[in-house]
Protein chains: 2
Amino acid sequence: MVPVWGKNMNMITIRLNQYSSEPIYEQLYGYIKSEITAGNYTFNTKLPSKRQLSAHLQCSQNTVQNAYHQLVAEGYVVSKPKSGFYVCKLDGIVSIPDKSVVSPDNSFSESSYRYDFSHNGVDRESFPFSTWRKLTNDIISEYDSDLLKTGNSQGDFNLRDSITKYLHNSRGVVCNPQQVIISSGTEFLMQLLIQLFDKNCVFALENPGYEKLNMIFKSNGSKFKALPLDESGMIPDALIKNKAEVVCITPSHQFPTGNIMPINRRIQLLNWANEKSERYIIEDDYDSEFKYSGKPIPSLQGLDSGGKVIYLGSLSKSLTPAIRISYMILPEELLKIYNKKLNFYICPVPTIEQKTFYRFINDGYFERHLNKMRNIYKKKRENLVTAIRQLLPDTEISGANVGLHLILKINNGMSESQLIKTAQNRGVKVYGISQFFLNNINKTRQSSLLLGFATLKEDEIFKAVHLLKLAWF
Amino acid sequence: MVPVWGKNMNMITIRLNQYSSEPIYEQLYGYIKSEITAGNYTFNTKLPSKRQLSAHLQCSQNTVQNAYHQLVAEGYVVSKPKSGFYVCKLDGIVSIPDKSVVSPDNSFSESSYRYDFSHNGVDRESFPFSTWRKLTNDIISEYDSDLLKTGNSQGDFNLRDSITKYLHNSRGVVCNPQQVIISSGTEFLMQLLIQLFDKNCVFALENPGYEKLNMIFKSNGSKFKALPLDESGMIPDALIKNKAEVVCITPSHQFPTGNIMPINRRIQLLNWANEKSERYIIEDDYDSEFKYSGKPIPSLQGLDSGGKVIYLGSLSKSLTPAIRISYMILPEELLKIYNKKLNFYICPVPTIEQKTFYRFINDGYFERHLNKMRNIYKKKRENLVTAIRQLLPDTEISGANVGLHLILKINNGMSESQLIKTAQNRGVKVYGISQFFLNNINKTRQSSLLLGFATLKEDEIFKAVHLLKLAWF
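Residues numbered from 1 in each chain as written. Chains lettered and ligands numbered in written order. Predicted model: local features only at pLDDT ≥ 70, side-chain atom pairs only at ≥ 80, totals over all residues. Heavy atoms only, no water.

Q: Would you mind going over the overall build of chain A in detail, with residue names and values included?
A: Helix and strand counts for chain A come out as 15 helices and 17 strands. With the C-alpha coordinates aligned to their principal axes, the bounding extent of chain A is approximately 95 × 55 × 40 Å. A burial count over chain A gives 57% of its 473 residues as buried. For chain A, restricting intrachain contacts to residue pairs at least 6 apart in sequence, the fraction spanning at least 24 positions comes to 72%. Accessible surface computed for chain A: about 20,100 Å², of which carbon and sulfur atoms make up 49%. Taking the 56 positively charged and 45 negatively charged side chains of chain A as two groups, their mean positions are separated by 3 Å. (Helix = DSSP H or I, 4+ residues; strand = E, 2+ residues; numbered from the N terminus. Buried < 20%, exposed > 50% of the residue type's maximum accessible area, 1.4 Å probe, protein only. Contact = heavy atoms within 4.5 Å. Areas by Shrake-Rupley, 256 points an atom, 1.4 Å probe, with all protein chains shown as cover. Lys, Arg positive; Asp, Glu negative; His and termini not counted. Charge placed at Lys NZ, Arg CZ, Asp CG, Glu CD.)

Given below as structure tokens:
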């Protein structure tokens, strides 16, 4: 007899494949689901009993049970006690097509260059993939409940603690974990800082400098001045003249010139900041993990006794830009304001990445990786300098023996755009420094390039420079 | 004879433990490294030859070679051809202490509540950990080169393509992958939108509404008005009277009231937007994957033929807030402006998470998860409603049969704060709705609570409501 609330189905017939990689119960589940979504089994249709179907299909009752339970769990079928399994109403069921034909991303054109002296990116052969995979694995296995909650808004406390210790040992940064704010890229941190300060605050940027900074400040409607540098970097008198209150600098390795700010200029800038309560220094320490000769230059933050320096760092150079982790250290005074005004922003880094990176530091892998990479990059830089000295006669290298790029001035009479064009004709991508000047001043008179060497292989460097020789001399 | 550039070391003596879990070469490497960093082996000291040391320590030459190579890779030791291994200068070497004693995070106090009706968070027992782990594993193994580069600034193209298809099927959203921008949390997307529109643009927010929205707008110095709602939601006349240009709404499940915006109000709002070119609607579709009865309500975006709706969604309710992935769909006109003004912002989601989630959608796991969770949440909501009807006599439930919370009005004469306090005394955390009202109007007169049921276990719900009965009646 047909129950009042459903009609009976005779039988389900499907050829189950014992030798498929797909489990038999999944084959059965998939078939019934597709029949339901196609409308072939309608609302309230009663499925065959487990006993009947297993006999019909020559499979175990367990197989049928597993398939039915999956269908119940996903809402295609409902189990009615002492009666059986019935097809549900399909309202509200999400159905995503199995295969999607993905068109290539037209917005990204693949490069046809043979060699690229990009200053973005890291060495392509040394990332500790198996370690990262293992740690990620462990984290997903261990931290079940944390992976289902919104984490601490400043970032995982253990990670902040490890970053504190790492920065103290490697960069002389003095802080406690409460002062650390973990985020996703320098851009997000800069947006937080813009909101942290008064909206009438005047920021000073380095000119030339990191090209995105002025975009961020402009896009956020902030007041800012891009101030020309001398060979020591930002000039304190210019800050005073322009009534700047917060200055953004890269003292360990000025971007793009590559100069290290000497100690006396550091002290002058700290003195400038200490003169007024609203003055602060943002120190972007973007690639100073890699210093190849002489003593390490400690961070400006480590010199600061007045709570005037905001320290920024990221993994973009030291590990990979794809993980996106960045961090900043706020002085105590600013931390109080942050906690009052901005701690509603949730840390944008996924919990898995935060805990994996914590383990990566704490188990000693980060230390090993940095020391290993320092040697690799040192050799690459040496190869580049040697190749330039051998093959490109009338050129000048500038920039300290630090980081992942150097500046090359080419005195062959070509303009910057001619240098780029002729290199392009040989299949080599080089980058002019004029793009890092905010105003058009000096742009046309430049004949200097910024050569990044991190992504090139050691044995490619000589070949690439040889092509530049053919292009330019 | 001692070479000119180094002094000889007699021998290295360390007891190697064959039975340790640490490989022997690592024990040797660790010992030599610690001696170098402690200053016991100074610059240019020559290490014993591999043959000598292996004989002395009774281990294989291979063990010594592995230890030496690790030291060379990390820059502690240099290999000089035909001479041997020498201790390096230690300038610039990063040394991170092995163990860090982590103090507990004092900023986060553990709750002493037995039951928490939080509306943040998801079911704690149904996350597909093993699937996520497997997919992450596969991604790290497969995508080596992409994991070392900065990705597409709008997010991985394949993921955007999958999100497009998913939103089309589940929410009736009509768009192409070029219109999708992937980000980390609704907060980041809102900041992008604030920068996308003119800085004099007046935004309208729902009152009551999502409490963080006004914080974000305020913190970014935007002009905004929080406008009172009627039972259909945002009132078009109020938008005109307040000269609002962009309105933020939650039409599928108004937060916090739980109302669904009826079709006529949707059309009125679309008409309002179509009247002027600068008018737009931001649709935050935060938990509408979960509708438990009746037909699904398609998104407002799907009704929009004029390119006036910006659609926002995230994984915070549908998967977990800890992964932080969110997305928005921009109409074509706004996409052009975005590409001109804002595409310098790099997608803040790590490449591994993006590719893992892409695979999660494409392999059918997301569909299964949503359908499974819909049943789980449906049962939890049913249990909560049943318990309230049985145990809490003089109360009214409101809010549509959608999402992860409902509104409960308690007519026992207690104020909102009394309701919260008395529940707290019984160990139950409940949330008043007055915190979602921007101005103080109505606050004191409220006696309604927002009860989230996602994080409670099915069998806890009855117990928790029983404690509320003891607290209130």
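Q: Which residues make up the sheet that holds strand 8 (residues 223-228) of chain B, and what values do they have?
A: Residues and elements named next belong to chain B. The strand order across the open sheet built from 7 strands is 6-12-11-10-9-7-8, with neighbouring strands paired in mixed fashion. In this open sheet, the two edge strands, each paired with only one partner strand, are strand 6 (180-184) and strand 8. Taking the axes of each pair of neighbouring strands and ignoring which way they run, one obtains an average angle of 20 degrees across the sheet. Across 5 bridges, strand 6 lies against strand 12 (residues 325-329) in antiparallel orientation. Note on strand 12: the bridge partner recorded for Ile182 is Tyr327. Of the strands in this sheet, strand 6, strand 7 (202-207), strand 9 (246-249), strand 10 (280-284), strand 11 (309-314) and strand 12 are in contact with helix 6 (residues 185-196), which crosses strand 6 at around 125 degrees. (Pairing = 2+ DSSP bridges. Axes fitted to C-alpha atoms, helices over the stretch in contact; angles between N-to-C directions.)

Q: Just give me the short version of the sheet that holds strand 13 (residues 395-398) of chain A, but keep the residues and values in it.
A: All names here are of chain A. Spatial strand order, 13-14-17-16: 4 strands in an open sheet with antiparallel pairing. At either margin of the open sheet sits one strand with a lone partner, and together these are strand 13 and strand 16 (431-432). Taken together, the 2 bridges between strand 16 and strand 17 (residues 448-452) define a ladder with antiparallel strand orientation. Residue Gly432 lies in a different strand from strand 17, and its bridge partner there is Leu449. Contacting strand 14 (405-410), strand 16 and strand 17, helix 14 (residues 416-425) crosses the sheet at an angle of about 45 degrees to strand 17.

Q: Give a description of the environment of Trp472(B) that names residues and reports values.
A: All names here are of chain B. Take Trp472: it is sitting in helix 15 (residues 458-472). A relative accessible area of 5% places Trp472 in the buried class. The contacts of Trp472, once residues within four sequence positions are left out, are Leu392, Leu408, Ile410, Asn412, Met414, Leu419, Thr422, Ala423, Val430 and Leu449. Looking at Trp472, its side chain comes within polar contact range of the main-chain oxygen of Leu419, at 3.1 Å. A polar side-chain atom of Trp472 sits 3.2 Å from a polar atom in the side chain of Thr422. (Polar contact = N/O pair within 3.5 Å; in protein donor to acceptor, adjacent residues only side chain to side chain.)

Q: Hey, could you go over the pairing of strand 14 of chain A for me, with residue numbers and the actual values?
A: Residues and elements named next belong to chain A. Among the 6 residues that make up strand 14, 5 are buried, leaving the element largely enclosed by the rest of the structure. Linkage of strand 13 to strand 14, two consecutive antiparallel strands, is achieved through a turn of 6 residues, within which Gly399 is found at a positive phi near 100 degrees. Examined bridge by bridge, strand 14 and strand 17 share 5 bridges and lie antiparallel to one another. Within strand 17, the position partnered with Leu406 by the bridge is Leu451.

Q: Explain the interface of chain A and chain B to me, and be specific about the residues and the numbers.
A: Taken together, the contact between chain A and chain B spans 90 residues of the former and 91 residues of the latter. At the boundary of chain A and chain B, one finds 4 salt bridges. With a shortest N-O distance of 3.4 Å, Glu367(B) and Lys33(A) are connected by a salt bridge. Taken together, chain A and chain B are joined by 28 residue pairs in polar contact (both at pLDDT 80 or more). (Salt bridge = Lys/Arg side-chain N within 4 Å of Asp/Glu carboxyl O.)

Q: Tell me about helix 2 (residues 50-57) of chain A, and please be specific about residues and values.
A: All names here are of chain A. Inspection of helix 2 places Leu53, Ser54 and Leu57 among the buried residues, and these make up the whole buried set. Looking down the long axis of helix 2, one finds its buried residues gathered within 100 degrees of arc, a one-sided arrangement. Packed against the buried residues of helix 2 are helix 1 (24-37) and helix 3 (61-73). Immediately beyond the C-terminal end of helix 2, within one or two residues, lies Gln58, with a positive phi of roughly 60 degrees. (Arc of directions from axis to C-beta.)

Q: For the side chain of Ser314(A), give the residues involved together with the corresponding values.
A: Residue and element names in this part refer to chain A. Counting through the fold element by element, Ser314 comes out in strand 11 (residues 309-314). Residue Ser314 is classed as buried on the basis of its relative accessible area, which comes to 9%. There is a polar contact of 3.1 Å between the side chain of Ser314 and the backbone nitrogen of Ser316. Those residues within four positions of Ser314 in sequence are excluded, and the remaining contacts are Glu289, Ile325, Ser326 and Tyr327.

Q: Describe the packing of aromatic side chains, and please don't skip the residues or the numbers.
A: Residue and element names in this part refer to chain A. According to the stated counting rule, one finds 36 aromatic pairs over all chains in the structure shown. A centroid spacing of 5.7 Å and a plane angle of 45 degrees characterise the contact between Phe197 and Tyr280, whose relative ring orientation is tilted. With Phe197 in the loop between helix 6 (185-196) and strand 7 (202-207) and Tyr280 in strand 10 (residues 280-284), this pair connects stretches of sequence that are 83 residues apart. The exposure classification of Phe197 matches that of Tyr280, with both residues buried. Through successive ring pairs, a cluster of aromatic residues spans Phe127, Phe129, Trp132, Tyr166, Phe357, Phe360, Tyr365 and Phe366. Against the face of Tyr280 rests Lys308, its NZ or CZ located 4.5 Å from the ring centre. (Phe/Tyr/Trp six-rings, centres within 6.5 Å; stacked < 30°, edge-to-face > 60°. Lys NZ or Arg CZ within 6 Å of the ring centre and 35° of its normal.)

Q: Describe the pattern of salt bridges, listing the residues and the values that go with them.
A: Side chains carrying opposite charge are able to pair once their charged atoms draw close together. All names here are of chain A. Inspection of the entire model under this criterion finds 28 salt bridges over all chains. Between Arg171 and Asp285 there is a salt bridge, with the nearest N and O atoms lying 2.6 Å from each other. With Arg171 in helix 5 (residues 157-171) and Asp285 in the loop between strand 10 and helix 10 (300-303), the pair connects residues that are 114 residues apart, well separated along the chain. A salt bridge links Asp230 to Arg265, with the shortest nitrogen-to-oxygen separation between them at 2.8 Å. Of this pair, Asp230 sits in the loop between strand 8 (223-228) and helix 8 (236-241) while Arg265 sits in helix 9 (residues 263-275), placing them 35 residues apart in sequence. With a relative accessible area of 26%, Asp230 lands in the partly exposed category.

Q: Describe in detail the relation of the copies chain A and chain B, supporting the description with residues and values.
A: With an RMSD of 0.2 Å, the fit of chain A onto chain B corresponds to turning through 180 degrees and sliding 0.0 Å along the axis. Such a turn and shift between the copies fits a two-fold axis. A high fraction, 100%, of the interface residues of chain A reappear at the interface in chain B, so the copies pair face to face through one surface. (Least-squares fit on C-alpha atoms with pLDDT ≥ 70 in both.)

Q: Break down the packing of helix 5 (residues 157-171) of chain B against helix 12 (residues 351-362) of chain B for me, citing the residues and quoting the values.
A: Residue and element names in this part refer to chain B. Interaxial distance between helix 5 and helix 12 falls to 9 Å at its minimum, and their mutual angle equals 35 degrees. Note on packing geometry: the crossing formed by helix 5 with helix 12 is left-handed. Of the residues in helix 12, those touching helix 5 at Asn158, Leu159, Ser162 and Ile163 are Gln354, Phe357, Tyr358, Ile361 and Asn362. Per-class residue counts for the contact of helix 5 with helix 12 are 5 nonpolar, 4 polar and no charged. (Left-handed = near helix turned anticlockwise from the far one by under 90°. Nonpolar A, V, L, I, M, F, W, Y, C, P; charged D, E, K, R; others polar.)

Q: Would you mind going over the environment of Ser252(A) in detail, with residue names and values included?
A: All names here are of chain A. When you line up the elements, Ser252 lands in the loop between strand 9 (246-249) and helix 9. Beyond its immediate chain neighbours, meaning those up to four positions away, Ser252 contacts Arg171, Asn259, Ile260, Arg266, Glu283, Asp285, Ser288 and Val402. Separated by 3.0 Å, the side chains of Ser252 and Arg171 make a polar contact.

Q: Tell me about the packing of helix 3 of chain A against helix 13 (residues 365-391) of chain B, and name the residues and values.
A: It is the contact of helix 3 of chain A with helix 13 of chain B, at a shortest axis distance of 8 Å, that shows an interaxial angle of 75 degrees. Taken together, the axes of helix 3 of chain A and helix 13 of chain B lie roughly perpendicular to each other. Of the residues in helix 13 of chain B, those touching helix 3 of chain A at Gln70(A), Val72(A) and Ala73(A) are Arg368(B), Asn371(B), Lys372(B) and Asn375(B). (Parallel < 35°, antiparallel > 145°, perpendicular 65-115°, else oblique.)

Q: Lay out the confidence of the model for chain A in plain terms, naming residues and giving numbers.
A: All names here are of chain A. The predicted model of chain A has a mean per-residue pLDDT of 89, with 92% of residues at 70 or higher. pLDDT under 50 marks residues 1-5. Its contacts with residues more than four places away, or in other chains, come to 7 contacts. Every residue in residues 96-110 scores below 50 in pLDDT, and together they form 22 contacts with partners more than four places removed in sequence or on other chains. Both confidence scores are given for the complex: pTM 0.81, ipTM 0.80. (pLDDT = per-residue confidence, 0-100.)

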